[in-house]
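Here is what each chain is made of, one letter per residue.
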Amino acid sequence: MPLDTPTVLSIQSHVVHGYVGNKSAIFPLQVLGFEVDSINTVQFSTHTGYKHIKGNILKNEELEELVEGLILNEVDYYTHFLTGYSRSPDSLRQIAGIITKLKQKNPNLIYVCDPVMGDNGKMYVPEEILPVYRDVVVPLADILTPNQFEAELITGVKVTNLDDALKAINLLHQKGISTVVLSSTDLGSDTSMIGIASTKDSCYKIEIPKVDASFTGTGDLFAALFLAWSYKTKNNVKETLERTIATLQSIVQNTYEKARAVHPTGKIPRALIELRLVQNKSFIENPTIKIKAVEIKKN
């Protein structure tokens, strides 16, 4: 039955300490007025950038059992479905089956897919995952949020300039995806990255200032924020991109400044650059747009 509050099913990783996967996505979505049901594909002590990783992985049959319980209890009506990191081709195929079932219950469900495969030219998932994303999962998405490298993997287009990026985006639109967002690209300068968001009717780019630190969980946060603001702005892609980046930059900058206050020089320890989501609740609710998105004319 239709709900008066937008409701998301988020299937992602979970960590006890820090903010990646569901830990990075759930709080912002709740702050922005969404009900969130979550299934944790893994439960680890920390994200995998730490030296010691302890925890367990949800088996495929356990995921199936959880979804079956939702269906049997008739609480499987969702307005949105969000996925991030998946560990295997089989788990991804299972995701595709879940999407199909949920869309049978609500044909208007919006699927936001963050096709997490790698970054900076390197894959950090098994290579066998790529064809499942490309041929099975990605065509089911309504909103897709790859980084540049993931867009290159899915489309086969090497992105070296803006025209290449638009070519890759158009190929993704041809797969049936309404909104394609390159969450980050290398097309900027020494001080900024470029993000690009495109619908079939319009396309915008935005400059994203670089910070002298490596953060984990920003992609998961980006996908959740873009989901929320797409809904709240009624799919105004320019405003959605601006509000998403404004929130992300506020959190990243605040996290960086607090870390530098403790560790003034050199590489910042990982424990000091866990995203400060709770402390930036007000920025999540009411982001101040300082960087405007610029329209790109499509050929």
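Residues numbered from 1 in each chain as written. Predicted model: local features only at pLDDT ≥ 70, side-chain atom pairs only at ≥ 80, totals over all residues. Heavy atoms only, no water.

**Here we look at the pairing of strand 9 (residues 179-185)**
Stated precisely, the cut-off is as follows: Partly exposed residues are those whose accessible area sits between 20% and 50% of the maximum for their type, while under 20% is buried and over 50% is exposed, using a 1.4 Å probe and protein chains only. Segments assigned H or I by DSSP are reported as helices when at least four residues long, segments assigned E as strands when at least two residues long, and all are numbered from the N terminus. At least two DSSP bridges between two strands are needed for those strands to be called paired.
Counting buried positions along strand 9 gives seven out of seven residues, so the element sits mostly inside the fold. In the sheet, strand 8 (residues 143-144) pairs with strand 9 via two bridges, with the strands oriented parallel. Counterpart to Ile143 in the pairing with strand 9 is Thr179. Sheet analysis places strand 9 next to strand 10 (residues 192-198), joined by four bridges and oriented antiparallel. In the sheet register, Val180 faces strand 10, and the bridge partner there is Ser198. Turn length for the strand 9-strand 10 hairpin, with the two strands adjacent in sequence and antiparallel, is six residues.

**Some thoughts on the nonpolar core**
What counts here: By nonpolar core is meant a set of buried Ala, Val, Leu, Ile, Met, Phe, Trp, Tyr and Cys residues that side-chain atoms within 4.5 Å join together. Should any heavy atoms of two residues lie within 4.5 Å, those residues are counted as being in contact.
With 46 residues, the main nonpolar core has Ile11, Phe81, Tyr111, Met117, Tyr133, Val137 and Ile196 as its most contacted residues. For this core, the leading source of residues is helix 3 (residues 89-105), giving six residues. Beyond its immediate chain neighbours, meaning those up to four positions away, Phe81 contacts Leu9, Ile11, Ile95, Ile98, Ile99, Leu102, Leu109, Ile110, Tyr111 and Val112. Grouped together as the second largest cluster of nonpolar side chains are 41 residues, Ala25, Ile26, Ile208 and Ala259 included.

**Digging into the pairing of strand 2 (residues 35-44)**
So the rule is basically this: With the strands aimed away from the viewer, a crossover counts as right-handed if its path from the first strand over the helix to the second runs clockwise.
Where strand 1 (residues 7-15) and strand 2 come together, eight bridges link them in parallel fashion. Looking across to strand 2, one finds that His14 is bridged to Gln43. Running through helix 1 (residues 21-31), the crossover from strand 1 to the neighbouring parallel element strand 2 is right-handed. Pairing geometry for strand 2 and strand 3 (residues 55-57), over three bridges, is antiparallel. In the sheet register, Phe44 faces strand 3, and the bridge partner there is Gly55.

**Section: the sheet that holds strand 11 (residues 203-209)**
To keep things clear, this is the line we draw: Think of each axis as a best-fit line through the C-alpha atoms, taken over the contacting stretch in the case of a helix, with angles from 0 to 180 degrees between the N-to-C directions.
Strand order across the open sheet formed by 10 strands is 3-2-1-4-5-8-9-10-11-12, with mixed pairing between neighbours. Both edges of this open sheet fall to strand 3 and strand 12 (294-295), since each of them pairs with a single strand only. As paired elements, strand 5 (residues 110-113) and strand 8 share two bridges and run parallel to each other. Within the sheet, the bridge partner assigned to Val112 lies in strand 8 and is Ile143. Lying over the sheet, helix 3 contacts strand 1, strand 4 (80-83) and strand 5, oriented at roughly 175° with respect to strand 4. Packed onto the sheet, helix 7 (residues 218-232) meets strand 1, strand 4, strand 5, strand 8, strand 9 and strand 10 and runs at close to 165° relative to strand 4.

**Observations concerning the UniProt feature "domain: Pyridoxamine kinase/Phosphomethylpyrimidine kinase" (unreviewed entry) in the protein**
Inclusion rule: UniProt positions are given in the numbering used here, feature names are shortened, and annotations may be inferred rather than shown by experiment.
Taking the numbering used here, the UniProt-annotated feature "domain: Pyridoxamine kinase/Phosphomethylpyrimidine kinase" (unreviewed entry) corresponds to residues 96-264. Taken end to end, residues 96-264 comprises 48% helix and 18% strand; its first and last C-alpha atoms sit 46 Å apart.

**Thoughts on helix 4 (residues 129-137)**
Three- or four-residue spacings in an α-helix give side chains the same orientation, since the helix completes a turn every 3.6 residues. Taken as a whole, helix 4 has its buried residues at Ile129, Leu130, Val132, Tyr133 and Val137. Those residues of helix 4 hidden inside the fold are in contact with helix 3, strand 5, strand 7 (122-123) and helix 5 (148-155).

**With respect to unusual backbone geometry**
Positive phi, close to 55°, is recorded for Glu74, a residue that is not glycine. Its identity as a non-glycine residue notwithstanding, Asn120 has a phi of 50°, on the positive side. One can find Asn120 in the loop between strand 6 (118-119) and strand 7.

**What about the packing of helix 3 against helix 4?**
Worth spelling out the cut-off: Angle categories: roughly parallel below 35 degrees, roughly antiparallel above 145, roughly perpendicular from 65 to 115, and oblique for all the rest. With the far helix as reference, a near helix turned anticlockwise by less than a right angle produces a left-handed crossing, and one turned clockwise produces a right-handed crossing.
The contact between helix 3 and helix 4 brings their axes to 9 Å, and the two run at 15°. When the interaxial angle is binned, helix 3 and helix 4 end up roughly parallel. For the pair helix 3 and helix 4, the sense of crossing is right-handed. On helix 4, the residues that touch Pro89, Leu92, Arg93 and Ala96 of helix 3 are Ile129, Val132, Tyr133, Val136 and Val137.

**Digging into the state of the cysteines**
Think of a disulfide as a covalent bridge from one cysteine sulfur atom to another cysteine sulfur atom. Note the cut-off: Sulfur atoms of two cysteines make up a disulfide when they are within 2.5 Å.
The final tally for this structure, using the stated rule, is zero disulfides. Sulfur of Cys113: no disulfide; nearest cysteine sulfur belongs to Cys203 and is 19 Å away.

**Brief notes about the side chain of Ser230**
Inclusion rule: Here a polar contact is taken to be a pair of N or O atoms separated by no more than 3.5 Å, where protein atoms must pair a possible hydrogen donor with a possible acceptor and residues adjacent in sequence count only if both atoms sit in side chains.
Here Ser230 is to be found in helix 7. Among the polar contacts made by the side chain of Ser230, one reaches the main-chain carbonyl oxygen of Phe226 at a distance of 2.8 Å. The residues contacting Ser230, other than those within four sequence positions of it, are Ile143, Asn235 and Thr240.

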